[in-house]
Amino acid sequence: MFLSIIIPVYNTEKYLAECLDSCLNQDIPYSDYEIICVNDGSTDGSLNVLNRYAEKYSNIIIVTKKNSGVSETRNAALELVTGDYVMFLDSDDFFSKNFLKKFKEIASTTLCDRLIFPLYEFINELSPCEVDLKEKNMLKGSMIQEDTLITTCMFRSSIIKRNNIRFDSNLSHGEDTFWLYNYKCISKSKIEYTEQPVYFYRRNSFSATMNNSVDAHIKAVRSYYMIAAMLYDIYMEQKKEKSHNLVDTANYLMVVLRKAMERIAQLPYQDFCEMIKELRALNLFPFKQPPECTYTWQECAKEPSGTGPLRNIFRYYSINPLGLFLAALPYRCERLKIRASRFLRKNPFMNSMLDLKNRVLKR
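Residues numbered from 1 in each chain as written. Predicted model: local features only at pLDDT ≥ 70, side-chain atom pairs only at ≥ 80, totals over all residues. Heavy atoms only, no water.

Caption draft 1: Up close: the sheet that holds strand S2 (residues 33–40). What the seven strands build is an open sheet, ordered S3-S2-S1-S4-S8-S6-S9; its pairing is mixed. Whereas interior strands pair on both sides, the edge strands pair on one side only; in this sheet they are strand S3 (60–65) and strand S9 (191–192). Where S2 and S3 come together, six bridges link them in parallel fashion. Counterpart to Asp40 in the pairing with S3 is Lys65. Sitting on the sheet, helix H2 (residues 46–56) is in contact with strand S1 (3–9), S2 and S3, with an inclination near 150° to S3. (Pairing = 2+ DSSP bridges. Helix = DSSP H or I, 4+ residues; strand = E, 2+ residues; numbered from the N terminus. Contact = heavy atoms within 4.5 Å. Axes fitted to C-alpha atoms, helices over the stretch in contact; angles between N-to-C directions.)

Caption draft 2: Geometry of the packing of aromatic side chains. Per the counting criterion, the structure on display carries 23 aromatic pairs. Geometrically, the ring pair formed by Phe88 and Trp179 is edge-to-face, given 5.5 Å between the ring centres and 80° between the ring planes. Placement of Phe88 in strand S4 (residues 85–88) and of Trp179 in helix H7 (residues 175–186) is noted, with a sequence separation of 91 residues between them. Across the pair, Trp179 and Phe88 agree in class, each one buried. Arranged with centres 5.8 Å apart and planes meeting at 50°, the rings of Tyr120 and Phe200 form a pair that is tilted. With Tyr120 in strand S7 (residues 119–123) and Phe200 in strand S10 (residues 199–203), the pair connects residues that are 80 residues apart, well separated along the chain. (Phe/Tyr/Trp six-rings, centres within 6.5 Å; stacked < 30°, edge-to-face > 60°. Buried < 20%, exposed > 50% of the residue type's maximum accessible area, 1.4 Å probe, protein only.)

Caption draft 3: Representation of the sheet that holds S7. The sheet built from three strands is open, its strands ordered S5-S10-S7 with mixed pairing. Both outer strands of the open sheet, strand S5 (94–95) and S7, are each paired with one neighbouring strand and no more. Examined bridge by bridge, S5 and S10 share two bridges and lie antiparallel to one another. Residue pairing in the sheet places Phe95 in a bridge with Tyr199 of S10.

Caption draft 4: Representation of a nonpolar patch on the surface in the model. A contiguous nonpolar surface patch, about 380 Å² in accessible area, is contributed by Phe349, Met353, Leu356 and Val360. A relative accessible area of 36% means that Met353 is categorised as partly exposed. (Patch = residues over 30% accessible without salt bridge, like charges linked within 9 Å, V, L, I, M, F, W, Y side chains within 5 Å. Areas by Shrake-Rupley, 256 points an atom, 1.4 Å probe, with all protein chains shown as cover. Salt bridge = Lys/Arg side-chain N within 4 Å of Asp/Glu carboxyl O.)

Caption draft 5: Molecular detail of the pairing of S2. When you tally the buried positions in S2, you get eight out of eight residues, the bulk of the element. Burial along S2 is two-sided: the residues Tyr33, Ile35, Cys37 and Asn39 and Glu34, Ile36, Val38 and Asp40 are all buried. Sheet analysis places S1 next to S2, joined by seven bridges and oriented parallel. When the bridges of S2 are listed, Val9 appears paired with Asn39. In terms of handedness, the path from S1 via helix H1 (residues 13–24) over to S2 forms a crossover that is right-handed. (Right-handed = clockwise from strand over helix to strand, strands pointing away.)

Caption draft 6: Representation of unusual backbone geometry. Pro286 follows Phe285 through a cis peptide bond whose omega is -15°. The topology assignment puts Pro286 in the loop between helix H11 (269–281) and helix H12 (297–301). At Asn11, a position not held by glycine, the phi torsion is positive, near 50°. Locating Asn11 in the fold gives a position in the loop between S1 and H1. Using a relative accessible area of 29% as the deciding quantity, one classes Asn11 as partly exposed.

Caption draft 7: Structural view of the packing of helix H3 (residues 70–78) against H7. As a packed pair, H3 and H7 sit with axes 10 Å apart at the nearest point and diverge in direction by 40°. Overall, the two elements H3 and H7 adopt an arrangement that is oblique. Judged by residue contacts, Val70, Ser71, Arg74 and Leu78 of H3 engage Glu175, Asp176 and Trp179 from H7. Here the contact of H3 with H7 is built from residues that sort into three nonpolar, one polar and three charged. (Parallel < 35°, antiparallel > 145°, perpendicular 65-115°, else oblique. Nonpolar A, V, L, I, M, F, W, Y, C, P; charged D, E, K, R; others polar.)

Caption draft 8: Broad picture of helix H13 (residues 309–316). Of the positions making up H13, those classed as buried are Asn312, Ile313, Arg315 and Tyr316. Buried residues in H13, looked at end-on, bunch into an arc of 155°, giving them a common side. Those residues of H13 that are buried are in contact with helix H10 (246–264) and H12. (Arc of directions from axis to C-beta.)

Caption draft 9: Examining the packing of helix H9 (residues 214–241) against H10 more closely. The contact between H9 and H10 brings their axes to 8 Å, and the two run at 160°. By the angle between their directions, the pair H9 and H10 is classed as roughly antiparallel. As for how H9 packs across H10, the hand of that crossing is left-handed. (Left-handed = near helix turned anticlockwise from the far one by under 90°.)

Interpretation in functional terms is not warranted from these geometric data alone.
In structure tokens:
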């Protein structure tokens, strides 16, 4: 069998049919690939959707387990893989149609260990214009500069099995980054596929708002600097041994550390200071980028992060105090604006003036 597609499922009834349809709308026989869906204790109608599809399509495999998070869910699926290659798909995202024949040809010709492809990011639903461009194969995806997403790669399953590469269930964020780092350290071969986007990533505006709490940011920061601390120890060992993986480790270390700083920049001042103290205790802030790191500020500036080149550059330099101050400044200004608005609203006179201004502007 050519491919195993792993889909962790948790309360995505609304999008699950679109996700599964995208896996089925391909140009190779169903006998050439399997779709392993692991239901992570969903409480909505996700399992009903899965059962309905499994009754109709023989290449869909369903596993149901108690809720334990995406890492253990993907690990459960990895135990069942029979394909020569593995791809990961989140259940609220979807693939483009008819690309697997091309991927199979590339894999059989090159015997690649990893195949990388572009991602197209959208909010909630594709617009009519985007749907039209997608049907015409004219949408332009983005290659992830930091190369940290498992969902934009196809992996050789024999490498995963032979080396027992699994996701760390202790990590709430960045678990895919650390998994990919472990895979890359073992395998170097890859082919980049950049013609058309294959993976369509849905940024759910409601979920993003719900996950924007201070506690969620702190949890993310602690996961990221846990990974950074592990990578730093690995980097120091590899430096002594002059390992060939030193460049990869240095790059991943900086990627993860900047993700932590990006989250810290958004925290209220008191929590901001507490996180910085924890990073200082681990000797991770301020931090000098290792000379082996090949990821540059120019690459960071070009990233399609949605915040713009300038803020991307601030994020790049956020590993030192001045860079972190500049990265945090927009969030501080936004909080100040909210506080000022609340203060003015408490004053009856200013409140009436604000209402008058809003009525004038609406006219």
